[in-house]
Amino acid sequence: MNLALLLAYISAVLLLLLTPGPVVALITGTAARHGPRRAFATVLGTNAASLVLIMLASLMLAGLLTLPGPLLYGLALAGSGYIGVTAWQDLRAGPAFASAEQAGGGVARGFWTGISNPKDLLFFVAFFPQFISITHNTGASLLILSGLWVLFDLLVLSLYIWVIGRWMAGKQGERIGRLSAWLLLLMGLAGVFYNGARCLELFS
């Protein structure tokens, strides 16, 4: 095993996972408003979405699956719309949005938020080949890379949950929750405009 390349992969993964995005915004918002238990359930959902995207990326790398550009941008447009709509629902619900039946986050919400951006699929397709030579077997390398991604994804998101739960409870937590919802809304709107423009270009 190429340990130097493996360490480079781990460092890159940590940097990427620590960078805020829709998943981080959802996790922090859920932890702030509804506590660590529901936030961890949301992490399980986002992690499952990552596994699905990694599997699809592996199939694309193996030449067993091809997704046309228009389809990817169309899915990205729908995914951005989903992120924006659910964030708007959170904002409209306000502080009362806390019952177990109505709470934000959860496994399903985490999964659909995680899988809503097909660009992540292209990221895995572009990212994994740079580290595929950590072993002499492509299948074994993909298995190791995928396992490490899932492990560090869980660790990093758990760290966000711990920080929120430790230092940002009560009214401060509610403010963090609303800020996270606003960030999700802005990300969703940005995705809708960008992917909508790309779809218009492809079909014009």
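Definitions and limits used
- Residues numbered from 1 in each chain as written.
- Predicted model: local features only at pLDDT ≥ 70, side-chain atom pairs only at ≥ 80, totals over all residues.
- Heavy atoms only, no water.
- Patch = residues over 30% accessible without salt bridge, like charges linked within 9 Å, V, L, I, M, F, W, Y side chains within 5 Å.
- Areas by Shrake-Rupley, 256 points an atom, 1.4 Å probe, with all protein chains shown as cover.
- Salt bridge = Lys/Arg side-chain N within 4 Å of Asp/Glu carboxyl O.
- Helix = DSSP H or I, 4+ residues; strand = E, 2+ residues; numbered from the N terminus.
- Buried < 20%, exposed > 50% of the residue type's maximum accessible area, 1.4 Å probe, protein only.
- Expected span 1.5 Å × (residues − 1).
- Polar contact = N/O pair within 3.5 Å; in protein donor to acceptor, adjacent residues only side chain to side chain.
- Axes fitted to C-alpha atoms, helices over the stretch in contact; angles between N-to-C directions.
- Parallel < 35°, antiparallel > 145°, perpendicular 65-115°, else oblique.
- Left-handed = near helix turned anticlockwise from the far one by under 90°.
- Contact = heavy atoms within 4.5 Å.
- Nonpolar A, V, L, I, M, F, W, Y, C, P; charged D, E, K, R; others polar.
- pLDDT = per-residue confidence, 0-100.
- Phe/Tyr/Trp six-rings, centres within 6.5 Å; stacked < 30°, edge-to-face > 60°.

> Residue-level account of a nonpolar patch on the surface, with values.
A surface patch of nonpolar side chains, amounting to about 580 Å² of accessible area, comprises Leu179, Leu183, Leu186, Met187, Leu189 and Phe193. Secondary-structure assignment places Leu183 in helix α8 (residues 170-203). Its relative accessible area of 37% is what places Leu183 among the partly exposed residues.

> So what's going on with helix α7 (residues 138-167)? Which residues, and what values?
Taking 1.5 Å of rise per residue, 30 residues should cover 44 Å, and α7 covers 43 Å from first to last C-alpha, within 8% of that figure. For α7, the N-terminal cap is Asn137; the gap from its side-chain oxygen to the backbone nitrogen of Gly139 is 2.9 Å.

> Help me get a handle on the packing of helix α2 (residues 22-34) against helix α3 (residues 36-61), residues and values and all.
Direction vectors running N to C along α2 and α3 enclose 160°, while the axes themselves pass 8 Å from each other. By the angle between their directions, the pair α2 and α3 is classed as roughly antiparallel. The handedness of the crossing between α2 and α3 comes out as right-handed. In this structure, α2 contributes Val23, Leu26, Ile27, Thr30, Ala31 and His34 to the contact, and α3 contributes Arg38, Ala39, Thr42, Val43 and Thr46. Taken together, the residues that form the contact of α2 with α3 break down as 6 nonpolar, 4 polar and 1 charged.

> Which residues make up the confidence of the model for the protein, and what are the values?
Low-pLDDT portions of the prediction should not be read for the details of their coordinates. In this model, the protein carries an average pLDDT of 80, and 86% of its residues clear a pLDDT of 70 or more. The secondary-structure element of the protein with the lowest mean pLDDT is helix α6 (residues 119-127), recorded at 73, while α3 shows the highest, at 88. Across residues 96-102, confidence stays below pLDDT 50; counting only partners more than four residues off in sequence or on other chains, it has 9 contacts.

> An account of the packing of aromatic side chains is needed here, citing residue identities and associated values.
Applying the stated criterion across every chain yields a total of 2 aromatic pairs. Ring plane angle 65° and centroid distance 5.2 Å describe the contact between Tyr9 and Phe131, whose orientation is recorded as edge-to-face. Here Tyr9, found in helix α1 (residues 3-18), pairs with Phe131, found in the loop between α6 and α7; they are 122 residues apart in sequence, far enough to count as distant. Residue classification places Tyr9 among the buried positions, given a relative accessible area of 0%. Centre to centre, the rings of Phe111 and Trp112 are 5.2 Å apart; their planes meet at 85°, and the pair counts as edge-to-face. Owing to a relative accessible area of 47%, Trp112 belongs among the partly exposed residues under this scheme.

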